[in-house]
Amino acid sequence: MRRPFLKMNGLGNDFVVWDARDTRLVLTPEIIAKLGSRDTGIGFDQMITVERSTVSGVDAFMRIHNCDGSQVDACGNATRCIGRLLLEESGKDAVMIQTNAGLLGATAAGAPREITVDMGKPRVNWDQIPLAEEFADTRAIELQIGPIDDPILHTPAVVNMGNPHGIFWVKDIEAYDLSKVGPLLEHHPVFPEGANISLAQFIGKDEIRVKVWERGVGLTQACGTAACAVAVAAVRDTRAGRKSKIHLPGGILNIEWRESDSHVMMSGPTEIEFEGEVDLETIEWTKTAPGDNDQAQEATGGAA
């Protein structure tokens, strides 16, 4: 029952990746949660299963589970990681990845290990988010948390980038305890499928600092779809231009919402942390090969 895996991350948003194209892998939510635990398992934000696609011309299907065992449709940072693997494996200039949120194309971004993913068109109508009730303008919906006359947070923008996002524009993202308000907002009745919750603060022209409470995960070092959603919300509200730098705790993602076709392009780094094997019955695991930083350290003979 020992199964090889890769541990990867995009800006600290970390994943366990299984190659299930030749050998099928089906795990229960309970097993996924055990594997995802940073105390008892490997530890990850999301588990990614790479499967064969049934669509002609598509390189692979990517299945995504959160660390709590729930399945989600999109993960931007994971798409960049899988895009890197498929690009390196195939030697192609571009690959196409099938997800439950649609087909996503990936290409090399120029710098080593940096990948650009075409995240497709954002969905901004209330029933596409989805919301529990109709809102004519999703740039700022009627939602607040805290006292009516002095709310802690209010009037978020909402965007769907393969999963639902609520974005609160604030002067200082550190002035709020997202670990407390995030769970309340994630499960607010206005979001029937739950939502990722972001605090967004402008720190310069077209530069936005963001902190994310990720649905089914919690506070995360980075969330690619949240970065895309924030960039889209900023353009829709005339707060920023079509190209922006999104500063997350784990690093920077470059986002472009193209005017020509309304597609959102996301570029950023990827990292292989290590290769490993795990016994799926006992959840005992071992490292079997070094990652990018370990290899760099060996090559230089010093700290990477």
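Structure first, text after, so check above.
Residues numbered from 1 in each chain as written. Predicted model: local features only at pLDDT ≥ 70, side-chain atom pairs only at ≥ 80, totals over all residues. Heavy atoms only, no water.

Participant: I would appreciate a short explanation of the overall build of the protein in the present structure.
Facilitator: Within the protein, the regular secondary structure consists of five helices and 20 strands. Its C-alpha atoms give the protein a radius of gyration of 19 Å, within 12% of the compact-globule value 19 Å for 304 residues. Considered along the principal axes of its C-alpha atoms, the protein spans approximately 55 × 45 × 40 Å. The burial tally for the protein puts 53% of its 304 residues in the buried class. The contacts of the protein with a sequence gap of at least 6 include a subset with a gap of at least 24, amounting to 58%. (Helix = DSSP H or I, 4+ residues; strand = E, 2+ residues; numbered from the N terminus. Rg over C-alpha atoms; globule rule 2.2 N^0.38 Å. Buried < 20%, exposed > 50% of the residue type's maximum accessible area, 1.4 Å probe, protein only. Contact = heavy atoms within 4.5 Å.)

Participant: For this particular structure, what's the right way to read the pairing of strand 1 (residues 2-10)?
Facilitator: As a general feature of sheets, a regular strand has side chains that alternate between the two faces. For strand 1, the buried fraction is high: seven of the nine residues fall into the buried class. Two elements, strand 1 and strand 2 (residues 13-19), share five bridges in a ladder whose sense is antiparallel. Opposite Lys7, over in strand 2, you have Val16 as the bridge partner. The turn linking strand 1 back onto strand 2 is made up of two residues, and Leu11 within it adopts a positive phi angle of 60°. (Pairing = 2+ DSSP bridges.)

Participant: Would you mind showing me how to read the side chain of Thr99 here?
Facilitator: One can find Thr99 in strand 6 (residues 94-99). In this structure Thr99 comes out as buried when scored by relative accessible area, which is 6%. A polar contact is formed between the side chain of Thr99 and the backbone nitrogen of Ala101, at a distance of 3.0 Å. Of the polar contacts made by the side chain of Thr99, one reaches the backbone oxygen of Gly102; its length is 2.9 Å. (Polar contact = N/O pair within 3.5 Å; in protein donor to acceptor, adjacent residues only side chain to side chain.)

Participant: Please explain the packing of aromatic side chains as it appears in this structure.
Facilitator: Each aromatic ring pair is summarised here by two numbers: the centre-to-centre distance and the angle between the ring planes. In this structure the tally under the stated criterion is five aromatic pairs. Seen from their ring centres, Phe5 and Trp18 are 5.9 Å apart, and the 65° between their planes marks the pair as edge-to-face. Of this pair, Phe5 sits in strand 1 while Trp18 sits in strand 2, placing them 13 residues apart in sequence. Judged by its relative accessible area of 4%, Phe5 falls in the buried class. Classification of Trp18 by relative accessible area gives buried; the value is 0%. Their ring planes at 70° and their centres at 6.3 Å tell us that Phe5 and Trp285 sit as a pair that is edge-to-face. Here the residue Phe5 occupies a position in strand 1, and Trp285 occupies one in strand 20 (residues 285-290), the gap between them amounting to 280 residues. Among the aromatic residues, those joined into a ring-pair cluster are Phe5, Trp18, Phe274 and Trp285. (Phe/Tyr/Trp six-rings, centres within 6.5 Å; stacked < 30°, edge-to-face > 60°.)

Participant: I would appreciate a short explanation of the nonpolar core in the present structure.
Facilitator: Inside soluble globular proteins, nonpolar side chains tend to come together where they are buried. Counting residues in each nonpolar core, the largest one holds 56 residues, and the members touching the most others are Val17, Ile82, Ile167, Trp169, Ile246, Leu248 and Ile255. Among the elements that make up this core, the one with the highest residue count is helix 4 (residues 224-236) (10 residues). Other than its neighbours up to four places away in sequence, Ile255 contacts Ala227, Cys228, Ala231, Arg242, Lys243, Ser244, Ile246, Val264, Met265 and Met266. Core analysis: the second largest hydrophobic core is formed by 20 residues, Ile141, Phe168, Val181 and Phe191 among them. (Core = buried A, V, L, I, M, F, W, Y, C linked by side-chain atoms within 4.5 Å.)

Participant: I would appreciate a short explanation of the pattern of salt bridges in the present structure.
Facilitator: Charged atoms that come close allow side chains of opposite charge to pair. All chains considered together, the criterion is met by 20 salt bridges. Close ionic contact of Arg2 with Glu277 constitutes a salt bridge, the shortest N to O distance being 3.4 Å. Placement of the pair is Arg2 in strand 1 and Glu277 in strand 19 (residues 271-279), with a sequence separation of 275 residues. (Salt bridge = Lys/Arg side-chain N within 4 Å of Asp/Glu carboxyl O.)

Participant: Explanation requested: a nonpolar patch on the surface in the structure shown.
Facilitator: On the surface, a nonpolar cluster with roughly 220 Å² of combined accessible area is contributed by Val55, Met96 and Leu103. Within the secondary structure, Leu103 is located in strand 7 (residues 102-108). (Patch = residues over 30% accessible without salt bridge, like charges linked within 9 Å, V, L, I, M, F, W, Y side chains within 5 Å. Areas by Shrake-Rupley, 256 points an atom, 1.4 Å probe, with all protein chains shown as cover.)

Participant: Help me out: how do you make sense of unusual backbone geometry in this one?
Facilitator: Excluding glycine, residues mostly have negative phi values, and the peptide bonds linking residues are mostly trans. For the peptide bond that leads from Ile129 to Pro130, omega is -5°, which places it in the cis range. With respect to the element layout, Pro130 can be found in the loop between strand 8 (114-118) and strand 9 (144-145). Positive phi, close to 65°, is recorded for Ser262, a residue that is not glycine. The residue Ser262 is located in the loop between strand 17 (251-257) and strand 18 (264-269) in this model.

Participant: How should helix 1 (residues 29-36) be read in this particular structure?
Facilitator: In an α-helix, one full turn covers 3.6 residues, which means residues spaced three or four apart are oriented alike. For helix 1, the complete set of buried residues consists of Ile31, Ile32, Leu35 and Gly36. The buried side chains of helix 1 occupy one side of the element, clustering within an arc of 135° when seen end-on. Along its buried surface, helix 1 packs onto strand 2, strand 3 (46-51), strand 4 (60-66) and strand 19. (Arc of directions from axis to C-beta.)

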